[in-house]
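Notes for the structure review
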Amino acid sequence: MSTDTTDIALPTPVPVLSFSPVVLSVPGRPVDLQVRVSAPATGTGLPVLLLSHGHGPSNNLSSLNGYAPLANFWAAHGFVVVQPTHLTSRTLTDLVADASGAPDFWRSRAEDMTHILDRMDVIESTVPQLAGRIDPDRTALAGHSLGGFTAALLLGAGITDPGTGDVVRLVDPRIKAGVLLAAPGRGGDVLNGPMAEQWPIIGAVDFSTMATPTLVVAGDKDDPRHFTDMGPDWHADPYALSPGPKTLLTLFDAEHGLGGIAGYDAAETTDENPRRVAALAELTAAYLRTQLLPGAASAWHTACEALTTGPDPVGRVEAK
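Given the structure is predicted, the values throughout are model-derived calculations rather than measurements. (Residues numbered from 1 in each chain as written. Predicted model: local features only at pLDDT ≥ 70, side-chain atom pairs only at ≥ 80, totals over all residues. Heavy atoms only, no water.)

1. A word on the overall build of the protein
- The number of helices and strands found in the protein is eight helices and twelve strands.
- Over its C-alpha trace the protein gives a radius of gyration of 18 Å, about what one expects of a compact globule, namely 20 Å for 320 residues.
- By principal-axis analysis of the C-alpha atoms, the protein measures approximately 50 × 45 × 35 Å.
- Out of the 320 residues belonging to the protein, those deemed buried represent 57%.
- In the protein, once contacts between residues fewer than 6 apart in sequence are set aside, the share between residues at least 24 apart is 73%.
- Total accessible area on the protein is roughly 12,700 Å²; 52% of this is exposed by carbon and sulfur atoms.
- Where the 20 positive side-chain charges of the protein centre and where its 35 negative ones centre are 3 Å apart. (Helix = DSSP H or I, 4+ residues; strand = E, 2+ residues; numbered from the N terminus. Rg over C-alpha atoms; globule rule 2.2 N^0.38 Å. Buried < 20%, exposed > 50% of the residue type's maximum accessible area, 1.4 Å probe, protein only. Contact = heavy atoms within 4.5 Å. Areas by Shrake-Rupley, 256 points an atom, 1.4 Å probe, with all protein chains shown as cover. Lys, Arg positive; Asp, Glu negative; His and termini not counted. Charge placed at Lys NZ, Arg CZ, Asp CG, Glu CD.)

Listed below in structure tokens is the structure:
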């Protein structure tokens, strides 16, 4: 698959192969770790993109079955997308309600991604037509909402364990770049909404050590009043409070669903906008290609020129 992006942000899309579940047995985990793998039908030296789901009202989208608008696009444009079902998934509620770490499973969610990276050889040999096509040294991570919280930990953010008071670091150096989609922001006094008491772990993250290159995506109409009265700027905290290199993409008129990324025609979406979803898919893919592939240095610039400038931009971009 060509990495020449002199004139275009992304290569021509190809058909996608999707295989699930790949079942990984993890000692101590109350249920096996199940993942979906989506990959382009052609190409070699393919980068790996892990995708951490959020926690929405639908039963199955917070699992390996969600985020098809992004997963399909990313796979069609050259990524091997791996989606786990975390223990927070509604599909597992009855099985894990009394398990250690419930209900937020903050450590388990991050460890799921580490287990996947540890077992990429198993995944590669299990998925038909995938063997020999992955480049494990080119690995990125994306997460939406609670998945963004999980991704931040793996990208270097610290977290204070509410049980012990110790600072825990779960950074995985194999992950070379990240994308945080509508991720939670800071804690402290600003975490004053009605959900703050139920999910205090959200405010326990320290972004000051999140050094991995990351694209932070926030909607300018994504009002997290159930956690804070900071307004939509709260979702830009992972950019504002972390060291560079970081990039912030603010999507205009976008709410928490960012136009509908959790699934096609999903109940989670309060701001359904197919154009926004398509633009976000292209921008995130272009950003990650620029970060992971030496021959794609112009992909991000090209995508930004096309989608965030001119008379009808989908958003604005800043970087540090």
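2. Thoughts on the sheet that holds strand 12 (residues 315-319)
- Strand order across the open sheet formed by nine strands is 1-2-4-3-5-8-10-11-12, with mixed pairing between neighbours. Of all strands in the sheet, those with a lone pairing partner are strand 1 (16-24) and strand 12, marking the two edges. Averaged over all pairs of adjacent strands, the angle between strand axes in this sheet comes to 20 degrees, irrespective of strand direction.
- Sitting on the sheet, helix 1 (residues 68-76) is in contact with strand 1, strand 2 (33-40), strand 3 (46-52), strand 4 (80-84), strand 5 (134-144) and strand 8 (175-181), with an inclination near 150 degrees to strand 4.
- Packed on one face of the sheet, helix 3 (residues 106-118) meets strand 1, strand 2, strand 3, strand 4, strand 5 and strand 8 and runs near 160 degrees to strand 3. (Pairing = 2+ DSSP bridges. Axes fitted to C-alpha atoms, helices over the stretch in contact; angles between N-to-C directions.)

3. Considerations on the pattern of salt bridges
- For the coordinates displayed, the defined rule picks out ten salt bridges.
- Between Asp112 and Arg29 there is a salt bridge whose closest N-O contact spans 3.0 Å. Of this pair, Asp112 sits in helix 3 while Arg29 is found in the loop between strand 1 and strand 2, placing the two residues 83 residues apart along the sequence. With respect to burial, Asp112 and Arg29 carry one shared label: buried.
- The partner of Asp271 in a salt bridge is Arg276, with the nearest N and O atoms 3.1 Å apart.
- By relative accessible area, Asp271 is classed as buried at 7%.
- Through salt bridges that share partners, Asp118, Asp172 and Arg174 make up one connected network. (Salt bridge = Lys/Arg side-chain N within 4 Å of Asp/Glu carboxyl O.)

4. Remarks on the packing of aromatic side chains
- Per the stated rule, a full pass over the model turns up two aromatic pairs.
- Here the aromatic rings of Phe227 and Trp234 are separated by 5.7 Å at their centres, their planes lie at 25 degrees, and the arrangement is stacked.
- Owing to a relative accessible area of 2%, Trp234 belongs among the buried residues under this scheme.
- Seen in terms of ring centroids, Tyr287 and Trp300 are 5.5 Å apart; in terms of plane orientation they differ by 85 degrees. Their pairing is edge-to-face. Of this pair, Tyr287 sits in helix 7 (residues 274-292) while Trp300 is found in helix 8 (residues 299-307), placing the two residues 13 residues apart along the sequence. An identical accessibility class is assigned to Tyr287 and Trp300; each is buried.
- The aromatic ring of Tyr239 is capped on one face by Lys320, whose charged end is 4.9 Å from the ring centroid. (Phe/Tyr/Trp six-rings, centres within 6.5 Å; stacked < 30°, edge-to-face > 60°. Lys NZ or Arg CZ within 6 Å of the ring centre and 35° of its normal.)

5. Concerning unusual backbone geometry
- Omega for the bond connecting Ser20 with Pro21 falls within 30 degrees of zero, at -5 degrees, which places this linkage in the cis form.
- Its location among the elements puts Pro21 in strand 1.
- The peptide bond linking Ala102 to Pro103 adopts the cis configuration, its omega dihedral lying at 0 degrees.
- Note on placement: Pro103 falls in the loop between helix 2 (93-96) and helix 3.
- Not every positive phi belongs to a glycine, and Asp253 is a case in point at roughly 65 degrees.
- Its location among the elements puts Asp253 in the loop between strand 11 (246-251) and helix 7.

6. Quick word on the pairing of strand 8
- Of all seven residues making up strand 8, six are buried, and the element is well covered by its neighbours.
- Here four bridges tie strand 8 to strand 10 (residues 214-219), and the two strands are oriented parallel to one another. By the bridge assignment for strand 10, Leu181 is matched with Val217.

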